[in-house]
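# A closer look at the structure
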Amino acid sequence: CPGLVRPGCGMARSGRLRSGVKPKLKRWRKGQSSESNPESRRHREAARSRFFSRAAGKSDLTVDVLKLHNELQSNSLSFGPRETLSAELFVECEDGAVTEKTSATFLSGLSDCSNMTFSRVQRFWESNSAAHKEICAVLAAVTEVIRSQGGNETETEYFAALMTTLEAVESEESVAAIAYLLNLVMKRVPSPVLIKKFSDTAKVFMNLLASQTGAGSTAALRWILSCLSTLLRKQDLAVWSFPSTLQVYHGLLSFTVHVKPKVRKEAHRGICSVLKGCDFMFGDLAPPHHPAAQSTARFCIKEIEEFGGSGEGTTALHVLGLLKDVLPCFPVSCVKSCCEILLRIMTLNNVMVTACAMQAFHGLFVAKPNSAVLTAELNAQIITALYDYLPNVSDLQPMLAWLIVMEKAHINLCRLQGLLCLAHLPRLFSTAVSCLLSPHYQLMAAAADTMKVLLRECVAPFTTDIRDFASSTPSGAASYVCKMFRAVQDGLAYRFHASWTFVLQVLGTFFEVIGSEAHPVMKQCLQALSNLRETPHFPHIGELERAVGMAVESMGPEAVLQAIPLQIDGTEEKLDFPRSWLIPVIRDYVKHTQLAFFNKYFLPLAASLKNRALELAQSGLLLEAKIYDTLQWQIWTMLAGFCTKPTDVLVAFKGIARTLGTAISDWPELRLTICQALRTLIRGCENETDRAEVSRFAKNFLPILFNVYSNEPSSGQSTAYRLPVLDTVKVYLTLADQQLVCGFLEKANEKLKNSESSEFTRLSVMDLIVAMAPMVDEHSMNNIYQTIQPFLQGKDRRTQKKAYRVLEEICGGEKEACRQFVSRHLEDLKLTLLASLKSAASPAKRPRLKCLIHIVKQLSVEHQEFIVLLLPEVIICMKEVSIGARRNGYTLLVEIGRAFLRFCGDAREAISQYLALIYAGLTGSITMISCTVLALTRLVFEFKDTLDMTSIEQLLQNICLLLQSKTRDVVKSALSFIKVVLFIMDTRILAQHLQALMESIGSMRDDMRRHFRVKLKNIFTKFIRKFGFEMIDSMVPEEYHRVLVNIRKAEARSKRQRALKRGASGSESEDETPKQNGDSIEKILAETDSEDEGNEKGEKAVKKRLIKQSLAWLKEGEEDDPLNFLDQNVAQRVLATKPDLRPKTSIKHQFPVTSDGRLLIGQKAKDEEMKGSEDETNEILEEVGVKTKAVQKQKFRSADDNEIATDSYYKAGGSGIHRPTLSKSKECGAEYKSMKGRGDVKQKGKLDPFAYVPLNKSQLNRRKKAKIFGQFKGLVKGAQRGAAAGRKLQQRRKRPV
């Protein structure tokens, strides 16, 4: 009511009243506001008379109005077809068909419109906008007219009706509504109709444009311009030869400089669509350019010339914005003229005009036009001309724009003529290098990025064609590349020290792109980099080592070491080794090189270093010996990089094979490195010649590897080498000859049968047999199968597990011999696996189930009885301790279901038979029931698309009964089933069983409800998300109400937090985005989309803003030199940004920062971001056994994936061999340990060295109070004893001697 003001709303928000208002308001006394009532009750009395008594006057409520109201409430205005059972709503048409009878309302034509073109309009019928209501009324009226004439509501009929209506109406609102509908329908009208009616339609539109130009609203103009552009776009090529067509086009073109921004944008969009999207431009006989392109170019040139540098140049800015999009559509002569006029107006030093002109050039080059639009010569001329408009280095935004335009120009020139582009690149590189002296970090980064992009886009494609680098005076393309490289190399001078990071990045890109061909001219640069690296406290070690690493990767280590000698030969007098930093660099970056260089250079060096270490050790110089031993080990770590797809395997491998075999046998510290190198070499062999060469030495390497793996290590010796050796054996077996492997397998078989072999030897031999089993022929497989049969039923768990592993490899092998063995011994395998069922140990379950998976995949319908016999074992494995066994059990369960699908033609019948066999487990023991429910859960999830919904409903009813069980395992499995059903079942079907589910959950025992409170809360959360809080709350007992309220609050809280995070991230991204002037034409022109732009106040605001943004600054001369306005480069003194003011960007982030400024970005943030969307799916996959729960997750990797990571003992930094080492984890409290005696000492600025007890919530348990108290009591006693001992010691020291 107007007379009543609620406390805490209007009055409270007003705060202190301004002067002069207080006497005019009636104020309530303090404490009486809620008891007060207004004196005037006019509105209350009127409301009471409406609701509780009959109105005094004549009522407007009639039977017809009430009927219309009922139809509106019953969704009669729906946009789709309505269905009803009432016979009144159906009438019979003249042709005998039955049709629906509808109520004739003023929106019937809108709601029943069958043309999908106007589906967007149907959303407006509830809008309060007058324009929307007018559109709906016009569409409804036109639809009724078409229906009354017997039309089919096609696009052509709507077009004709709307055009007729457009000529008849006069009001601006109606014209705008009809033009909007025409804009929608003309895009779907067939082209022949628009071609035939072009003259009449264009005449109507042009007349309307003339009449609507001075109107206050822009809606009609916008839609008429859109219709006009659609009409022109549909015309044939021949129509454009008529002057009338060009006259209509020029009418549209004239609106591109209109004062209203919405009109101007619509005309801009229409011109672009006509020039780029005409139908005849996409045919086989398409002309090289649009017929109206030349007239458009003349219009743009004329408008720009009229600007002439006087005034604000708003029209010229609008034309430049149009040129940015249409310049690539002009012929080459017009492009040349437009570019000349653009360069001419850039001499005016108008900041806004220059920025827009640069954007026009950028649009031209980004479009990548063909030679009919932009020739290579014209492109090169533009590049040369743009150097005259080079901004000052201190002018950030114009310089960034200039760089990006030049980058795109050179890339486009490279596409047109590569050699000409290379000739222009040295000058741009010199300019970009000079930008590295800028005080702006953003400009330095942009210049470096420009050079790197140009190297990859313009130089890399011609690398193989540029080969003239060896001569002292390179010519042609090589000379251009040399000039570019020397320009960047000059950046290593000290005056560029602030930008050395970017210089090193560009040099690294140079080495990467052209290093393989241009290494003769890059040696001097490598030497300079080496000198910088040896400089004390050099701050850019990481970037420098990456640049040298790129040189190693592209040139090869031999060329790099010729420029930067390693200076290590084992005869050094000083042990500083200044070039030892090259060893880890070569190790990390070498690949695709010559293995012979390692044999020739590094192998003798490693041997001499090893001998030197032995000599020093014998002399008692252990520290020096350790240094040389570390150096030779680092040299060996480079072998893996040299073995990464080497180019000379056929020649070089035989020279190093003997040495590698000896090292594996005799040098345990090198086994991991050499094994990794062998695996890398074998996997990188791509041609048959290299594979044959490496395979030739299998007879030498495999016995060595077998002996190393099967020999029992001595006490105290590390066994970390055994797994890499076994991996190397498996990889080498892929290349070895089959007969050779068969011979090795026979020897291993004999050794396994030998009773004198130790247990370690027997297990090792079985591991080797597992690796060789799938590589041999069928006869050898049969022999080993006979050997392992006794182990399958043996009592030794380890041998039994490995025997099953052998059988798993044979059954799952992909070779033809494995398939033939399984098919011929299928019956024997079935009997063996069934006979060994009772003796199978728990560790052997995983490989045993894997064997069964491979066998079931090959079974046919006659083996169905065998599958039935397997089911109890498979079901009971659902509760196996081993995660791998449970996973294989679930997989076997699914494979058996797929086997039933193969056996039976009907999928539903097959799954029903399978489930009937599973149901038998529900009558077994408690464990069997729990496992059966888990098995049913997985099967329902896996075959949800095949299962009949009736079967799921019956199963759900039985699961509800199991919720009353007294055993926790059964209840836990039943709850998992309900969770999965919630995920897969349709909500409408689930709603039918909702009452039964809630009753079953509500009637659970109290101890069960307490134990599974977390699981129940999760299930209730899913129910509430599907059916709502009120429905679930009304179905559960009262003791669950508090849980449901808690869930509702938690859901609301999480929803608010997500909304806040989204809002915060959005605001931060908006605030933190650096503002760049001239980034878009809309910002440059400072347009506004308001309809009140015609007002005088709006025009003044726009002019003021344009003047403010058009300000420019003059940079004074250096030191005391006066500014010379006659200088050729005086244009560079005109700045768009205020000099000596650097933009301060403070972007906040939550990432930790290292001491050298690097951000540490981990996976945690990304994981948290993805967690919300994947939680539910991952939870269901965990319930059905597809994924392992995070708490129990273990990594099951295949042997082939176990790579040995030989991390360096050193980290980057320091000088020579004395680089800082990776610190090992210190013992807790070690920093307080005294260096001279026992006990701890206090450290300045740190906590006292007391025993701080960590807080743990389990210590609040009252039942464990006595135990915890005893722990603290002992801790205090120990501290007291230590303190007493310390006092006694102190007193002794104070006694006089």
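Just so we're clear, the structure is a prediction, and the values are computed from it rather than from any experiment. (Residues numbered from 1 in each chain as written. Predicted model: local features only at pLDDT ≥ 70, side-chain atom pairs only at ≥ 80, totals over all residues. Heavy atoms only, no water.)

## Brief notes about the overall build of the protein
Secondary structure summary: the protein contains 57 helices and 4 strands in total. Burial analysis of the protein (1297 residues in total) assigns 43% to the buried set. Of the contacts made within the protein by residues no fewer than 6 positions apart, 69% connect residues no fewer than 24 positions apart. Total accessible area on the protein stands at roughly 71600 Å², and carbon and sulfur atoms take up 52% of it. (Helix = DSSP H or I, 4+ residues; strand = E, 2+ residues; numbered from the N terminus. Buried < 20%, exposed > 50% of the residue type's maximum accessible area, 1.4 Å probe, protein only. Contact = heavy atoms within 4.5 Å. Areas by Shrake-Rupley, 256 points an atom, 1.4 Å probe, with all protein chains shown as cover.)

## Some thoughts on the packing of helix H42 (residues 864–876) against helix H43 (residues 883–903)
Relative to each other, H42 and H43 sit at 155 degrees, their axes nearing to 11 Å. Here H42 lies roughly antiparallel to H43, going by the angle between them. Note that H42 runs across H43; the crossing there is left-handed. Contacts between H42 and H43 involve Gln-864, Ile-867, Leu-871 and Val-874 from the first element and Gly-889, Leu-892, Leu-893, Ile-896, Ala-899, Phe-900 and Phe-903 from the second. By residue class, the composition of the contact of H42 with H43 is 9 nonpolar, 2 polar and no charged. (Axes fitted to C-alpha atoms, helices over the stretch in contact; angles between N-to-C directions. Parallel < 35°, antiparallel > 145°, perpendicular 65-115°, else oblique. Left-handed = near helix turned anticlockwise from the far one by under 90°. Nonpolar A, V, L, I, M, F, W, Y, C, P; charged D, E, K, R; others polar.)

## Some words on the side chain of Thr-431
Here Thr-431 is to be found in helix H19 (residues 418–435). On the basis of relative accessibility, which here comes to 11%, the residue Thr-431 falls in the buried class.

## Structural notes on the confidence of the model for the protein
For the protein, the average pLDDT comes to 78, and 75% of its residues sit at 70 or higher. Here residues 1141–1147 is modelled with pLDDT under 50, and outside its nearest four sequence neighbours on either side it reaches 5 contacts, counting other chains as well. Overall, residues 1190–1219 carries pLDDT values under 50, and its contacts beyond four positions in sequence, including any with other chains, amount to 68 contacts. (pLDDT = per-residue confidence, 0-100.)

## Examining helix H7 (residues 172–185)
End to end, H7 covers 20 Å across 14 residues, agreeing with the expected 20 Å (1.5 Å per residue, within 8%). Burial runs high along H7: 12 of the 14 residues are buried. Residues of H7 that are buried include every one of Ser-174, Val-175, Ala-176, Ala-177, Ile-178, Ala-179, Tyr-180, Leu-181, Leu-182, Asn-183, Leu-184 and Val-185, and no others. The inward-facing, buried residues of H7 contact helix H5 (130–148), helix H6 (155–168), helix H9 (198–212) and helix H10 (219–233). (Expected span 1.5 Å × (residues − 1).)

## Brief notes about the packing of aromatic side chains
Tallying each qualifying case throughout the model produces 27 aromatic pairs. A ring pair is formed by Tyr-387 and Trp-402, whose centres lie 5.6 Å apart and whose planes are at 70 degrees; its orientation type is edge-to-face. Of this pair, Tyr-387 sits in the loop between helix H17 (376–386) and helix H18 (396–416) while Trp-402 sits in helix H18, and the two are 15 residues apart along the sequence. Both residues of the pair, Tyr-387 and Trp-402, belong to the buried class. Members of the aromatic cluster, each reached through a chain of ring pairs, are Phe-597, Phe-598, Tyr-601, Phe-602, Trp-636, Phe-642 and Trp-667. (Phe/Tyr/Trp six-rings, centres within 6.5 Å; stacked < 30°, edge-to-face > 60°.)

## What about the state of the cysteines?
Applying the stated criterion to the full structure yields 0 disulfides. You can see Cys-818 has no disulfide; the closest cysteine sulfur is in Cys-811, sitting 8.8 Å from it. For Cys-818, a relative accessible area of 1% gives the class buried. (Disulfide = S-S within 2.5 Å.)

## Describing the environment of Thr-832
Inspection of the secondary structure puts Thr-832 in helix H40 (residues 826–835). Distance from Thr-832 to Gln-793, taken between C-alpha atoms, is 9.2 Å for residues 39 residues apart in sequence. Beyond its immediate sequence surroundings of up to four residues, Thr-832 is in contact with Tyr-785, Gln-789 and Leu-792.

## Notes on the pattern of salt bridges
Tallied over the full model, the rule gives 31 salt bridges. Here Asp-449 ties to Lys-452 by a salt bridge, and the two come within 3.6 Å at their closest N and O atoms. A residue pair is termed a helical-turn pair when its members lie 3 or 4 positions apart in one helix, as Asp-449 and Lys-452 do in helix H20 (residues 441–459) at 3 residues. Classification of Lys-452 by relative accessible area gives buried; the value is 15%. With its nearest N and O atoms 3.6 Å apart, the salt bridge here joins Asp-1007 to Arg-1005. (Salt bridge = Lys/Arg side-chain N within 4 Å of Asp/Glu carboxyl O.)

## Regarding the side chain of Ser-530
Examined against the element boundaries, Ser-530 turns out to sit in helix H23 (residues 523–533). Sequence-distant contacts of Ser-530, that is, excluding residues within four places in its chain, are made with Ile-564, Arg-579 and Trp-581.

## Side note on helix H46 (residues 949–962)
Along its 14 residues, H46 runs 20 Å from first to last C-alpha, staying within 8% of the 20 Å computed at 1.5 Å per residue. Here H46 has its buried residues at Ile-952, Glu-953, Leu-955, Leu-956, Ile-959 and Cys-960. Across the axial projection of H46, the buried residues extend over an arc of 165 degrees, all falling on one side. In the core, the buried residues of H46 are packed alongside helix H44 (907–919), helix H45 (926–942), helix H47 (968–984), helix H48 (987–992) and helix H49 (994–1002). (Arc of directions from axis to C-beta.)

## Brief notes about the packing of H17 against H18
Two numbers describe how H17 lies on H18: the axes approach to 9 Å, and their chain directions differ by 155 degrees. With respect to H18, the element H17 is oriented roughly antiparallel. By crossing handedness, the relation of H17 to H18 is classed as left-handed. On the side of H17, the interface is formed by Ala-376, Asn-379, Ala-380, Ile-383 and Leu-386, while H18 contributes Trp-402, Val-405, Met-406, Ala-409, His-410, Asn-412, Leu-413 and Leu-416.

## Examining the nonpolar core
In this structure, Leu-182, Leu-323, Phe-330, Phe-510, Phe-511, Phe-653 and Phe-1023 are the most contacted members of the largest nonpolar core, which totals 346 residues. With near-sequence residues (within four places) excluded, Leu-182 lies in contact with Phe-159, Leu-162, Met-163, Leu-166, Phe-205 and Cys-227. (Core = buried A, V, L, I, M, F, W, Y, C linked by side-chain atoms within 4.5 Å.)

## A few points about unusual backbone geometry
Most peptide bonds take the trans configuration, and most residues that are not glycine carry a negative phi. Positive phi, normally seen in glycine, also occurs at Glu-153, with a value near 60 degrees. When you line up the elements, Glu-153 lands in the loop between H5 and H6. Within the chain, Lys-645 stands out as a residue other than glycine whose phi angle is a positive 50 degrees. Mapped onto the elements, Lys-645 comes out in the loop between helix H29 (639–642) and helix H30 (649–666). Residue Lys-645 is classed as partly exposed on the basis of its relative accessible area of 36%.

## Observations concerning the environment of Leu-221
Within the element layout of this structure, Leu-221 appears in helix H10. Remark: the alpha-carbon pair of Leu-221 and Phe-205, spanning 16 residues in sequence, is separated by 9.8 Å. Excluding its chain neighbours within four sequence positions, the residues that come into contact with Leu-221 are Leu-209, Gln-212, Thr-213, Phe-255, His-258 and Val-263.

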